[in-house]
Amino acid sequence: MKELFVSIVIPVFNERDSLEPLMARINHVLKEMKVNYEVLFVDDGSTDGSFEVLCKLRERNPGVGIIQLRRNFGKSAALSAGFWAAQAPVIVTMDADLQDRPEEIPKLLAKLEEGYDMVLGWRKNRRDKIFKRWSSKVFNSVVSALSGVKLHDMNTGLKAMRREVAQELTLYGELHRFLPVLAQWEGFKVTEVEVKHSPRIYGRSKYGIGKLIRSALDFLTVLLHTRYSRRPLHFFGGIGLAIGSAGIGICLYLLSLRLLYGSILHRYPLLIGGVMLAIVGMQMISIGLLGEMIIRERRPIIPPIRKTFPPNQNAFAKPSQRQP
């Protein structure tokens, strides 16, 4: 790793107290590894004086860079800004709250050297409150099951990736939580290694119900852009079949009452609901069919290519012209 050049990208939002010890630990770890590195702090609209602390750090550390956003745009935007400014072929992301341990960076870089494109730090023993731990477990289980990407810790802040991975992915909203899903669906090799996790000492967590809801909505976007981007009928058609089947079942139930008793026994609201469900189900299936038609009309898209090995031109030469 002596020839390695690494960019450390750290989003910052109101983490003033942790910045000094974080920078000291990063310097200690990476200088021991004897690698070249830069540290890019992205100030995401902090209001607690974090930017002033970062300016002082930059004066003492020539390898520190600062990107200041005009306001708080969110972690995805901060990471995108850091990826845009990063110069190294390898990028490491981590949170600024000291829960991600800089001492684990060598472990991620060593795994990356095995041929992977992205390595996640799996916080097997998380040092968070019980609500955050259990909601994270549910989140990871659902995302893993629906996306087909079998990882334990999708939303870890500690990641190492090659530069081309960061350049390939477009982040907005809460899509930073699904970086490994997006990367694997683009054909990159993704894995994880177990890392130690620390309890929060400074500041307070930004995690809450609002972010959980936004993440769930953004996950639908991820599914449509990855698993169902080439087969929209499977997504909309599946939902349409479920809704339509419920509506048709209600209508058949009311029809049986009408045939047996000569009346649906004042169940007219149920009848209206059944008809509406059947109509909505047909509309969802129609949307899926329209999506399939649009995809068929589009030009073929060249899939992402990892490497190109051109044919040996010597093989096409005449036997008398072939070079030994």
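What you see is a predicted model, and the numbers here were worked out from it, not measured in a lab. (Residues numbered from 1 in each chain as written. Predicted model: local features only at pLDDT ≥ 70, side-chain atom pairs only at ≥ 80, totals over all residues. Heavy atoms only, no water.)

Chemist: Explanation requested: the nonpolar core in the structure shown.
Modeler: Judged by nonpolar contacts, the single largest core of 37 residues is most densely connected at Met118 and Phe178. Looking at this core, the elements that each hand over two or more residues are strand E2 (36-43), helix H3 (75-85), strand E5 (118-123), helix H5 (130-147), helix H6 (163-168), helix H7 (179-185) and helix H8 (209-225). Not counting the four nearest positions on each side in its chain, Met118 is found in contact with Leu112, Ala160, Met161, Val165, Leu179, Pro180, Ala183, Lys189, Val190 and Thr191. Core analysis: the next-biggest nonpolar cluster, separate from the first, contains 34 residues, Leu22, Val29, Val64 and Leu109 among them. (Core = buried A, V, L, I, M, F, W, Y, C linked by side-chain atoms within 4.5 Å. Buried < 20%, exposed > 50% of the residue type's maximum accessible area, 1.4 Å probe, protein only. Helix = DSSP H or I, 4+ residues; strand = E, 2+ residues; numbered from the N terminus. Contact = heavy atoms within 4.5 Å.)

Chemist: Which parts of the structure should I look at to understand the sheet that holds strand E6 (residues 159-162)?
Modeler: Backbone hydrogen bonds are what pair the strands of a sheet, in a parallel or an antiparallel way. Ordered by their spatial adjacency, 7 strands build an open sheet running E3-E2-E1-E4-E6-E5-E7, and the pairing between neighbours is mixed. Here the strands that pair on one side only, and so sit at the sheet edges, are strand E3 (64-68) and strand E7 (190-195). For this sheet, the mean angle separating the axes of adjacent strands, direction not counted, is 20°. As paired strands, strand E4 (residues 90-93) and E6 are joined by 4 bridges and run antiparallel to one another. Within the sheet, the bridge partner assigned to Ile91 lies in E6 and is Met161. Along the sheet face, helix H1 (residues 16-33) touches strand E1 (5-12), E2 and E3 and points at about 160° away from the line of E2. Against the sheet, H3 makes contact with E1, E2, E3, E4 and E6, and its axis sits at roughly 145° relative to E2, the strand it touches most. (Pairing = 2+ DSSP bridges. Axes fitted to C-alpha atoms, helices over the stretch in contact; angles between N-to-C directions.)

Chemist: How do you make sense of the pattern of salt bridges when you look at a structure like this?
Modeler: It is possible for side chains bearing opposite charge to pair when their charged atoms get close. Applying the stated criterion across every chain yields a total of 11 salt bridges. A salt bridge links Glu20 to Arg60; its shortest N-O distance comes to 2.7 Å. Pair noted here: Glu20 is in helix H1 and Arg60 is in helix H2 (residues 50-60), with a separation of 40 residues, a long-range link. Looking at Arg60, the relative accessible area reads 49%, which means it is partly exposed. One salt bridge in this structure joins Asp95 and Lys75, with 2.6 Å as the shortest N-O distance. Taken together, the residues span a long stretch of sequence, with Asp95 in the loop between E4 and helix H4 (105-112) and Lys75 in helix H3 at a distance of 20 residues. Given the relative accessible area of 18%, Asp95 is considered buried. (Salt bridge = Lys/Arg side-chain N within 4 Å of Asp/Glu carboxyl O.)

Chemist: I'm lost on H4 in this one. Help?
Modeler: Along an α-helix, residues three or four positions apart point the same way, because every turn accommodates 3.6 residues. Among the residues of H4, those classed as buried are Ile105, Leu108, Leu109 and Leu112. On an axial view of H4, the arc spanned by its buried residues comes to 95°, and they lie on one face. (Arc of directions from axis to C-beta.)

Chemist: For this particular structure, what's the right way to read the packing of aromatic side chains?
Modeler: Throughout the structure, instances matching the rule amount to 1 aromatic pair. Measuring from centroid to centroid gives 5.6 Å for Phe139 and Phe178, while their planes differ by 40°, and the two rings are tilted. A residue pair is termed long-range when its members are at least 10 positions apart, and Phe139 in helix H5 and Phe178 in the loop between H6 and H7 qualify at 39 residues. According to the relative accessible area criterion, Phe139 is buried, its value standing at 15%. Given the relative accessible area of 0%, Phe178 is considered buried. When the ring centre of Phe73 is taken as origin, the NZ or CZ atom of Arg71, which lies over that ring, is 4.0 Å away. (Phe/Tyr/Trp six-rings, centres within 6.5 Å; stacked < 30°, edge-to-face > 60°. Lys NZ or Arg CZ within 6 Å of the ring centre and 35° of its normal.)

Chemist: Where do I start with the environment of Lys124 in this structure?
Modeler: You can see Lys124 is positioned in the loop between E5 and H5. C-alpha separation for the pair Lys124 and Val193, spaced 69 residues apart in sequence, amounts to 9.5 Å. Other than its neighbours up to four places away in sequence, Lys124 contacts Glu194 and Val195.

Chemist: In this structure, what is going on with a nonpolar patch on the surface? I would like to understand it.
Modeler: Taken together, Tyr268, Leu271, Ile272, Val275, Met276 and Ile279 make up a surface patch of nonpolar side chains, about 550 Å² in accessible area. When you line up the elements, Tyr268 lands in helix H10 (residues 268-297). (Patch = residues over 30% accessible without salt bridge, like charges linked within 9 Å, V, L, I, M, F, W, Y side chains within 5 Å. Areas by Shrake-Rupley, 256 points an atom, 1.4 Å probe, with all protein chains shown as cover.)

Chemist: Sorry if this is basic, but what is going on with the packing of H1 against H2 here?
Modeler: Packed helices, taken two at a time, are described by their axes: the angle between them and the distance between them. Between H1 and H2, the least distance of the axes is 8 Å, while the angle of their chain directions is 20°. In terms of axis orientation, H1 runs roughly parallel to H2. H2 is crossed by H1, and the crossing has right-handed handedness. Between H1 and H2, the residues in contact are Arg16, Leu19, Glu20 and Met23 and Ser50, Val53, Leu54, Leu57 and Arg60, respectively. Of the residues contributing to the contact of H1 with H2, the split by class is 5 nonpolar, 1 polar and 3 charged. (Parallel < 35°, antiparallel > 145°, perpendicular 65-115°, else oblique. Left-handed = near helix turned anticlockwise from the far one by under 90°. Nonpolar A, V, L, I, M, F, W, Y, C, P; charged D, E, K, R; others polar.)

Chemist: What should I look at first to understand the side chain of Asp44 in this one?
Modeler: Mapping Asp44 onto the fold places it in the loop between E2 and H2. Look at Asp44: it is buried, it has no salt bridge, and the nearest opposite charge is Arg71 at 7.1 Å. At a separation of 2.8 Å, a polar atom in the side chain of Asp44 contacts the main-chain amide nitrogen of Phe73. At 3.0 Å, the side chain of Asp44 forms a polar contact with the backbone nitrogen of Gly74. Residues contacting Asp44, with those up to four places away along its chain left out, are Val12, Phe13, Leu69, Arg71, Asn72, Phe73, Gly74, Lys75 and Ala78. (Lys, Arg positive; Asp, Glu negative; His and termini not counted. Polar contact = N/O pair within 3.5 Å; in protein donor to acceptor, adjacent residues only side chain to side chain.)

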